[in-house]
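# What the coordinates show
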Amino acid sequence: MSIIRLKNLSKNFKERKAVDNLSLDIEKGEFFALLGFNGAGKTTTIKMLTGLLEPSSGDAYIDGMSIVSDMDNIKPILNISPQETAVAPNLSVYDNLVFIAKIYGFSDLEAREKASSMLKKFNLDSRKKDKAKKLSGGLMRRLSIAMALITEPRIVFLDEPTLGLDVRARRELWYILKGLKGEVTVLLTTHYLEEVEALSDRIAIIDNGKLKIVGTIEQLKEKTGLEKLEDIFLSLTEGDKIL
Ligand SMILES: Nc1ncnc2c1ncn2[C@@H]1O[C@H](COP(=O)(O)OP(=O)(O)O)[C@@H](O)[C@H]1O
Ligand SMILES: [Mg+2]
């Protein structure tokens, strides 16, 4: 059984179809990339899957549970590093981690142990006592992802985790994300196609809320007859007709 199954999932904002009849299966332990231009519907999809928005029609099943009728049982098994960061700026790096772990029901001692182990895993130990607002963009993102993972989710949603990061910060984050492979199911959105090639097992491209293609990079190449992910992406998405 797929750990995430979207079935005709749709979201309308007035007459705008932000997500349009999306059906998709994501397998347990997969690192899955959702690609599409700004406004394609990626964040709206993630918001529905994480209970922040209700679908207009259709449904999705997370570990067999409906997001429409069973969100309370779904929430404990997932977490999200959102596009707008969830980090509390005036708390220290360490306290942000402890705080989230406690919200998810870990005891004080467990929360502290987990926070320490996350600091090591994400190479944030030397910044432990600093207020989060002092972190660079790259470190802030690392903290945001550490906060999503400290709760031991089975599924983590990473919405544009490398947006605005410099090349080094992005590579460092890739290195950390690679370490997660297989441990947890990851749904990643990004605009960086290199990132997709470096990290993901499978890819879906959406445009105007509609699914255009899904598969491994090799399958996408076969289906389209194109060699480069960038060409595949451009051929399936509507943009300026100049191309
Ligand atoms: N709360 C909202 N109210 C009205 N329109 C929205 C809202 N959120 C998103 N949209 C619209 O839905 C479409 C998809 O947005 P979004 O899911 O944020 O795209 P992406 O994350 O792929 O850039 C866009 O046209 C956006 O303007
Ligand atoms: Mg978005």
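That block above? That's the structure.
Read on for an overview of the structure. Everything numeric in this text was worked out from a predicted model, so none of it was measured.

Right, let's talk about a nonpolar patch on the surface for a bit. The grouping of Phe99, Ile103 and Tyr104 at the surface amounts to a nonpolar patch, some 300 Å² of accessible area in total. Mapped onto the fold, Tyr104 is located in the loop between helix 3 (93-103) and helix 4 (108-121). Since its relative accessible area comes to 34%, Tyr104 is described here as partly exposed.

Taken N-terminus to C-terminus, the directions of helix 3 and helix 4 make an angle of 130°; their axes are 8 Å apart at the nearest point. One finds that helix 3 runs oblique with respect to helix 4. For the crossing formed where helix 3 meets helix 4, the hand is right-handed. Along its contact with helix 3, which presents Val93, Tyr94, Leu97, Val98, Ala101 and Lys102, the element helix 4 presents Asp108, Ala111, Arg112, Ala115, Ser116, Met118 and Leu119. The residue makeup of the contact of helix 3 with helix 4, split by class, is nine nonpolar, one polar and three charged.

On any regular strand, side chains alternate: one points to one face of the sheet, the next to the other face. Where strand 1 (residues 4-13) lies against strand 2 (residues 16-26), seven bridges are found, and the strand directions are antiparallel. Counted as the bridge partner of Ile4 is Ile26 from strand 2. The antiparallel pairing of strand 1 with strand 2 creates a hairpin that spans two residues between the two strands, and Lys14 there sits at a positive phi of about 55°. With five bridges connecting them, strand 1 and strand 4 (residues 57-62) associate as antiparallel partners. Residue Ser10 lies in a different strand from strand 4, and its bridge partner there is Ser57.

By size, the foremost hydrophobic cluster in this structure holds 51 residues, and its most contacted members are Leu97, Phe122, Leu143, Leu149, Leu177, Ile203 and Ile205. Not counting the four nearest positions on each side in its chain, Phe122 is found in contact with Arg142, Ile145, Ala146, Leu149 and Ile176. Judged by nonpolar contacts, the second largest core, of 27 residues, contains Ile3, Leu22, Ile62 and Ile206.

A few words on the site of ligand 1. Lining the immediate surroundings of ligand 1 are Phe13, Arg16, Ala18, Phe37, Asn38, Gly39, Ala40, Gly41, Lys42, Thr43 and Thr44. Between ligand 1 and Ala40 there is a distance of 3.2 Å, counted from an oxygen atom to a backbone nitrogen or oxygen. At 2.5 Å, a side-chain N or O of Thr44 approaches an oxygen atom of ligand 1. Computed on the free molecule, ligand 1 has an accessible area of 560 Å², of which 60% lies beneath the protein chains in the complex. Among the elements of the structure, strand 2 and helix 1 (42-49) are those that each provide at least two residues to the shell around ligand 1. With three residues, helix 1 is the largest single contributor of residues to the shell around ligand 1. For the shell around ligand 1, the residue count by class is four nonpolar, five polar and two charged.

The residue Ser92 is located in the loop between strand 6 (78-81) and helix 3 in this model. On the accessibility criterion, Ser92 (11% relative accessible area) is buried. Along the backbone, Ser92 and Asp130 are 38 residues apart, and their C-alpha atoms lie at a distance of 5.1 Å. Here Asp95 takes part through its backbone nitrogen, which lies 3.0 Å from a polar atom of the side chain of Ser92.

Spatial strand order, 2-1-4-5: four strands in an open sheet with antiparallel pairing. What marks the edges here is a single partner per strand, and that holds for strand 2 and strand 5 (65-66). Pairing between strand 4 and strand 5: two bridges, direction antiparallel. Residue pairing in the sheet places Ile62 in a bridge with Met65 of strand 5.

Cut-offs used in this document
Residues numbered from 1 in each chain as written. Chains lettered and ligands numbered in written order. Predicted model: local features only at pLDDT ≥ 70, side-chain atom pairs only at ≥ 80, totals over all residues. Heavy atoms only, no water. Patch = residues over 30% accessible without salt bridge, like charges linked within 9 Å, V, L, I, M, F, W, Y side chains within 5 Å. Areas by Shrake-Rupley, 256 points an atom, 1.4 Å probe, with all protein chains shown as cover. Salt bridge = Lys/Arg side-chain N within 4 Å of Asp/Glu carboxyl O. Helix = DSSP H or I, 4+ residues; strand = E, 2+ residues; numbered from the N terminus. Buried < 20%, exposed > 50% of the residue type's maximum accessible area, 1.4 Å probe, protein only. Axes fitted to C-alpha atoms, helices over the stretch in contact; angles between N-to-C directions. Parallel < 35°, antiparallel > 145°, perpendicular 65-115°, else oblique. Left-handed = near helix turned anticlockwise from the far one by under 90°. Contact = heavy atoms within 4.5 Å. Nonpolar A, V, L, I, M, F, W, Y, C, P; charged D, E, K, R; others polar. Pairing = 2+ DSSP bridges. Core = buried A, V, L, I, M, F, W, Y, C linked by side-chain atoms within 4.5 Å. Near = heavy atom within 4 Å. Polar contact = N/O pair within 3.5 Å; in protein donor to acceptor, adjacent residues only side chain to side chain.

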